[in-house]
Amino acid sequence: MRGPPARHPDEQREQLPAVEGTIADAAEMKPGDRVVYPNQGVCAVVGVEEKDIAGQKLELVRVRREEDGAAVLVPKNKVPSIGLRRVATGAQMEGVFHYLAAQFDDPELDWKVRHRDNADRLIAGGVLGVAEVVKGLHSLSRIRPLPTKEREQYDNARHLLVHEIAVSLGVPAVLAEDYVDFALMPPAGVKFVLKPPPKPVLLPSRPKKRRP
């Protein structure tokens, strides 16, 4: 199955709004900090180092992926654009569970547009953006099978959310996964006393593609 089409080279990518906990400058991080890297998971900051790459000296932030200990190097100047953020607080997690259990709005019907918007949410939407992707794709998967690309996106978003919940609340990952399932699919007869869920980050509308 083919993935979403690439952006037109003339299409300007709009600046997405920053969310609470977003790291805008590598100088904000120090060794031992725990951060969320949307494409990698929960990581611990190791430090900054210099490397010669293609004849250029680059300053890189080394982080260690907590799940398997793998080292990940991030160029310092790329930190603001990759969605690196601090692990969500307990108060933010309460909002996540209220969001997961709330009524879901009608989804975008074009899966390619949906996939692209969800990719932006995972990077720029903070923990609530991750929850929004999990909630939306979970709801759709109960109606019909997801396209392969979206199934992978759902699995990755769910995995990221579960591990951030585990770190934020200090619970085992298996228990964090139970929390997510309980919010998404409460047992028969169980009713949540819900306050209005927090508003997710609104993504800017994309400019229409220029056609030759």
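Our subject is the structure that appears above.
(A) A look at the sheet that holds strand S1 (residues 34-37). With respect to topology, 5 strands assemble into an open sheet ordered S4-S3-S2-S1-S5, the strand pairing being antiparallel. Each having just a single partner strand, strand S4 (71-75) and strand S5 (85-86) make up the two edges of the open sheet. Relative to strand S3 (residues 56-65), strand S2 (residues 41-53) runs antiparallel, the two being bridged by 10 bridges. Looking at the pairing, Glu49 lines up with Leu60 of S3. Set on the sheet, helix H4 (residues 148-169) makes contact with S1, S2 and S5; between it and S2 the angle comes to about 105°.

(B) How the structure looks around the nonpolar core. Membership of the largest hydrophobic core comes to 31 residues, with the highest contact counts inside it found for Val96, Leu100, Leu161 and Val180. Elements represented by at least two residues in this core include exactly helix H1 (90-101), helix H3 (126-141), H4 and helix H5 (173-184). Residues within four places of Val96 in sequence aside, it is in contact with Val127, Leu128, Ala131 and Leu161. Core analysis: the second largest hydrophobic core is formed by 14 residues, Ala26, Val45, Val72 and Val79 among them.

(C) Region of the structure containing a nonpolar patch on the surface. A cluster of nonpolar side chains, contributed by Leu169, Val174, Leu175 and Tyr179, occupies part of the molecular surface with about 320 Å² of accessible area. When residues in the nonpolar patch are grouped by element, the largest group, 3 residues, is from H5. Topologically, Val174 is positioned in helix H5.

(D) Broad picture of the pairing of S1. By the bridge criterion, 4 bridges tie S1 to S2 in an arrangement that is antiparallel. Across the sheet, residue Val36 finds its bridge partner in S2, namely Val42. Hairpin connection between S1 and S2: a loop of 3 residues separates the two successive antiparallel strands. Note that S1 and S5 share 2 bridges and pair antiparallel. In the strand pairing of S5, Val36 is matched with Arg85.

(E) Looking closely at H1. In a regular helix each residue adds 1.5 Å, so 12 residues correspond to 16 Å; H1 covers 17 Å between its end C-alpha atoms and thus fits that length. Listed in full, the buried residues belonging to H1 are Met93, Gly95, Val96, His98, Tyr99 and Leu100.

Definitions and limits used
- Residues numbered from 1 in each chain as written.
- Predicted model: local features only at pLDDT ≥ 70, side-chain atom pairs only at ≥ 80, totals over all residues.
- Heavy atoms only, no water.
- Pairing = 2+ DSSP bridges.
- Helix = DSSP H or I, 4+ residues; strand = E, 2+ residues; numbered from the N terminus.
- Contact = heavy atoms within 4.5 Å.
- Axes fitted to C-alpha atoms, helices over the stretch in contact; angles between N-to-C directions.
- Core = buried A, V, L, I, M, F, W, Y, C linked by side-chain atoms within 4.5 Å.
- Buried < 20%, exposed > 50% of the residue type's maximum accessible area, 1.4 Å probe, protein only.
- Patch = residues over 30% accessible without salt bridge, like charges linked within 9 Å, V, L, I, M, F, W, Y side chains within 5 Å.
- Areas by Shrake-Rupley, 256 points an atom, 1.4 Å probe, with all protein chains shown as cover.
- Salt bridge = Lys/Arg side-chain N within 4 Å of Asp/Glu carboxyl O.
- Expected span 1.5 Å × (residues − 1).

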